[in-house]
Amino acid sequence: MKSSSVRNELAAGWIFHYVTGASLALTYPLLYLALWVPLPEYHVVPALLWGLATTLLPWVILYPAFGWGLFGVTAPKGTRPLVSASLAHLLYGLGVGIVLTIASQPTVLASTGLR
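All of these numbers come straight from a predicted model, not from anything done at the bench.

1. Quick notes on helix α1 (residues 9-34)
- The end-to-end C-alpha distance of α1, which contains 26 residues, comes to 35 Å, matching closely the 38 Å that a straight helix rising 1.5 Å per residue would cover.
- For α1, every residue scored as buried is listed here: Gly21, Leu24, Tyr28, Pro29 and Tyr32.
- Summarising the contacts, the buried residues of α1 are in contact with α2 (44-53), α3 (56-66) and α4 (81-103).
- Phi turns positive, to about 55°, at Trp36, one or two residues after α1.

Quick look at the structure:
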């Protein structure tokens, strides 16, 4: 927060954020496959839990990098890093769950030729 700006840092940060999010979205079904666990028919609840689990990344990597400590305990007043990250990542998990539930329906799979 006190360091000087670096050219294009905001754009680089957002690009990294979305690339990380896409990678973690792909990691969710790959984890099932790697553990030889059948994918659930409906992904919403497991993906919500996955989204909540991804909240650990800002809590233990990003916030300490900001100088806010683990879990953002020393964040500036008015910020709510635990709440905001949790809600955002739950919505992320909801999105992953909805997309995977729709995409895994037999009619969708049949129309893509994947089944």
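2. Quick notes on the packing of aromatic side chains
- According to the stated counting rule, one finds 6 aromatic pairs in the structure shown.
- Plain terms: the ring middles of Tyr28 and Tyr32 are 5.3 Å apart, the flat faces sit at 80° to each other, and that makes the pair edge-to-face. With Tyr28 and Tyr32 both in helix α1 and 4 residues apart, this pair spans about one turn of that helix. In this pair, the class of Tyr28 matches that of Tyr32, namely buried.
- One aromatic cluster is present, formed by Tyr28, Tyr32 and Trp50 through successive ring pairs.

3. Describing unusual backbone geometry
- Positioned with a positive phi, Asn8 is a non-glycine residue whose angle comes to about 65°.
- In this structure, Phe71 is a non-glycine residue whose phi angle is positive, near 65°.

4. Some words on the side chain of Thr55
- In this structure, Thr55 sits in the loop between α2 and α3.
- A residue is classified by how much of its surface remains accessible, and Thr55, at 0% relative accessible area, is buried.
- Other than its neighbours up to four places away in sequence, Thr55 contacts Ala85, Ser86 and His89.

5. Topic: α2
- Looking only at α2, the buried set comprises Ala47, Trp50 and Gly51. The buried residues of α2 occupy one face: seen down the axis, they fall within an arc of 100°. Those residues of α2 that are exposed and aimed more than 90 degrees away from the buried face are Val45 and Leu49.
- Those residues of α2 that are buried are in contact with α1 and α4.

The rules behind the values
- Residues numbered from 1 in each chain as written.
- Predicted model: local features only at pLDDT ≥ 70, side-chain atom pairs only at ≥ 80, totals over all residues.
- Heavy atoms only, no water.
- Helix = DSSP H or I, 4+ residues; strand = E, 2+ residues; numbered from the N terminus.
- Expected span 1.5 Å × (residues − 1).
- Buried < 20%, exposed > 50% of the residue type's maximum accessible area, 1.4 Å probe, protein only.
- Contact = heavy atoms within 4.5 Å.
- Phe/Tyr/Trp six-rings, centres within 6.5 Å; stacked < 30°, edge-to-face > 60°.
- Arc of directions from axis to C-beta.

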